[in-house]
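# Chain and residue survey
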Amino acid sequence: MDNQESQKQNVPASRENRQEEGTHKRRVRYSGAYPKHFNEKYKEHQPEKYGDTIEKVMKKGSTPAGMHISICVKEIIEFLQIQPGQKGIDATLGYGGHTLEMLKCLNGRGHIYGLDVDPIESEKTRERLALKGYGPEILTVRLLNFANIDELAKEHGTFDFVLADLGVSSMQIDNPERGFSYKNDGPLDLRLNPKAGISAAERLKSISRQELLGMLTENSDEPYAEEISRTIVTEIKKGRPVETTGRLREVIEKALEKVPEAQRREAVKKSCQRTFQALRIDINNEFEVLYQFLEKLPHVLAPGGRAAILTFHSGEDRLVKKSFKDFYKEGIYREISREVIRPSAKECAANSRAKSTKMRWAIKA
């Protein structure tokens, strides 16, 4: 063997060979100092891998993109009083933060059923919790709307505890492709399950001014509902569709152009938040779904079973409060919360998205 052949045998495998063997591949690079598009980012898709970044963001009182910080965890766990061997439901699985803490309380004995209508995020959460040691022997993830909670009870009997967090997960808000936020441009979708129903853009194409006015008033108490509904419908009738989140923001800005300049910026921000909320509630039939859930809730609880619900706007809270009161008067609930429970000032400072949260609870007779 000559010296040249000997050197060939001793050199490391080529880059091409290493890639063929399935070894590490570099992530896709983007132009500029920072990624401009969500699909170019990498920390947002697997935030749990970047602890230092997460810590910095959370210290500022913000939620790291791609993550969701669970709210009122301490208050929920204290109220539910979960014991090993019990059976319960997280009716709105989301990122799985509440579920994880409830699973810890079971100490390896019992079962939790996590429900969600979002096929994208629920699968990610199932995998995330499985990696933490909570597999199908203790956790079942179901693609099921919590309005159909009675179907679960038919299969598995009544439950010792039920939690429902009615907020939209931060992962959905932060992804522009889902269309939940006016802060980044993307398709105006707003569906919790992007494979079902119609998008918000489709909904607006044929809506009447009066119908939109009612939606903005009833779903979000929008003070500029008249101006916004009139402007949106006029724009669409003139052949200027509202199909993206950025476009909807532009139309809202146009609707509020007569607001005094000193107040306009804040007014536009708040109206954007309320308009997106109103559309999301309508697209996903959230009030109808919540009403069905509340009607079925006491019947899926075992005697002495506990239920806790987190709400994020007045319409939801009114429904929960009325349902709990009505069933309490009928003797179906033994006890209900008399006042709303709110996150502590410390939690709100650490997580700005906690500020509008209200918690109510009920105990089955």
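Heads up: these notes are all about the structure in this document. (Residues numbered from 1 in each chain as written. Predicted model: local features only at pLDDT ≥ 70, side-chain atom pairs only at ≥ 80, totals over all residues. Heavy atoms only, no water.)

## Re the environment of T140
- One can find T140 in strand β3 (residues 139–143).
- You can call T140 partly exposed: its relative accessible area is 22%.
- Remark: the alpha-carbon pair of T140 and R126, spanning 14 residues in sequence, is separated by 8.4 Å.
- Leaving out residues up to four positions away in the same chain, T140 has contacts with H111, I112, Y113 and G114. (Helix = DSSP H or I, 4+ residues; strand = E, 2+ residues; numbered from the N terminus. Buried < 20%, exposed > 50% of the residue type's maximum accessible area, 1.4 Å probe, protein only. Contact = heavy atoms within 4.5 Å.)

## Re unusual backbone geometry
- At N107, a residue that is not glycine, the phi angle is positive and equals roughly 55 degrees.
- You will see that N285, though not glycine, has its phi angle at about 50 degrees, which is positive.
- Turning to its location among the elements, N285 is positioned in the loop between α13 (261–283) and α14 (286–300).
- For N285, a relative accessible area of 40% puts it in the partly exposed group.

## Regarding the sheet that holds strand β5 (residues 301–311)
- Taken together, 7 strands build an open sheet; the order of strands is β3-β2-β1-β4-β5-β7-β6 and the sheet is mixed. Looking at strand neighbours, the two that pair on one side only are β3 and β6 (333–336), the edges of this open sheet. Averaged over all adjacent pairs, the angle separating strand axes in this sheet is 15 degrees, with direction ignored.
- Against the sheet, helix α7 (residues 149–156) makes contact with β1 (87–90), β2 (111–116), β3 and β4 (159–165), and its axis sits at roughly 155 degrees relative to β4, the strand it touches most. (Pairing = 2+ DSSP bridges. Axes fitted to C-alpha atoms, helices over the stretch in contact; angles between N-to-C directions.)

## A closer look at the pairing of β2
- Of all the 6 residues making up β2, 6 are buried; the element is thus mostly covered by neighbouring parts of the structure.
- Judged by which residues are buried, β2 turns out to be covered on both faces: H111, Y113 and L115 on one side and I112, G114 and D116 on the other are all buried.
- Here 4 bridges tie β1 to β2, and the two strands are oriented parallel to one another. Following the sheet pairing, G88 is matched in β2 by I112.
- This β-α-β element, β1 to helix α5 (residues 97–106) to β2, shows right-handed connectivity.
- Pairing analysis gives 5 bridges linking β2 to β3, with the strands arranged parallel. Across the sheet, the residue bridging to L115 is R142, located in β3. (Right-handed = clockwise from strand over helix to strand, strands pointing away.)

## Considerations on a positive patch on the surface
- On the surface, K183, R265, K269 and K355 cluster together into a positively charged patch.
- By secondary structure assignment, the location of K183 is in the loop between α8 (170–174) and α9 (200–205). (Patch = residues over 30% accessible without salt bridge, like charges linked within 9 Å, V, L, I, M, F, W, Y side chains within 5 Å. Areas by Shrake-Rupley, 256 points an atom, 1.4 Å probe, with all protein chains shown as cover. Salt bridge = Lys/Arg side-chain N within 4 Å of Asp/Glu carboxyl O. Lys, Arg positive; Asp, Glu negative; His and termini not counted. Charge placed at Lys NZ, Arg CZ, Asp CG, Glu CD.)

## Digging into α5
- Burial analysis of α5 places 7 of its 10 residues in the buried class, the great majority of the element.
- Directly after α5, the chain includes N107, whose backbone phi takes a positive value near 55 degrees.

## With respect to helix α15 (residues 314–329)
- For α15, with 16 residues, the first-to-last C-alpha span of 22 Å sits near the 22 Å given by 1.5 Å per residue.
- Every buried residue of α15 is listed here: G315, E316, D317, V320, S323, F324 and F327.
- Of the surrounding elements, those touching the buried residues of α15 are α13, α14, β5, β6 and β7 (358–364).
- Just past α15, the residue G331 takes up positive phi, approximately 85 degrees. (Expected span 1.5 Å × (residues − 1).)

## So, the packing of helix α4 (residues 73–80) against α5
- Viewed as axis vectors pointing N to C, α4 and α5 meet at an angle of 40 degrees, and their least axial separation amounts to 11 Å. Considering the relative orientation of α4 and α5, their crossing is right-handed. Of the residues in α5, those touching α4 at V73, I76, I77 and L80 are H98, E101, M102 and C105.
- Classifying every residue of the contact of α4 with α5 by side-chain character gives 6 nonpolar, 1 polar and 1 charged. (Left-handed = near helix turned anticlockwise from the far one by under 90°. Nonpolar A, V, L, I, M, F, W, Y, C, P; charged D, E, K, R; others polar.)

## Re the packing of α7 against α14
- Across the interface, α7 lies against α14 with an axial gap of 9 Å and an inter-helix angle of 20 degrees. On the basis of their axis angle, the class for α7 and α14 is roughly parallel. Remark: the crossing between α7 and α14 carries left-handed chirality. Between α7 and α14, the residues in contact are I149, D150 and A153 and F293, K296 and V300, respectively. (Parallel < 35°, antiparallel > 145°, perpendicular 65-115°, else oblique.)

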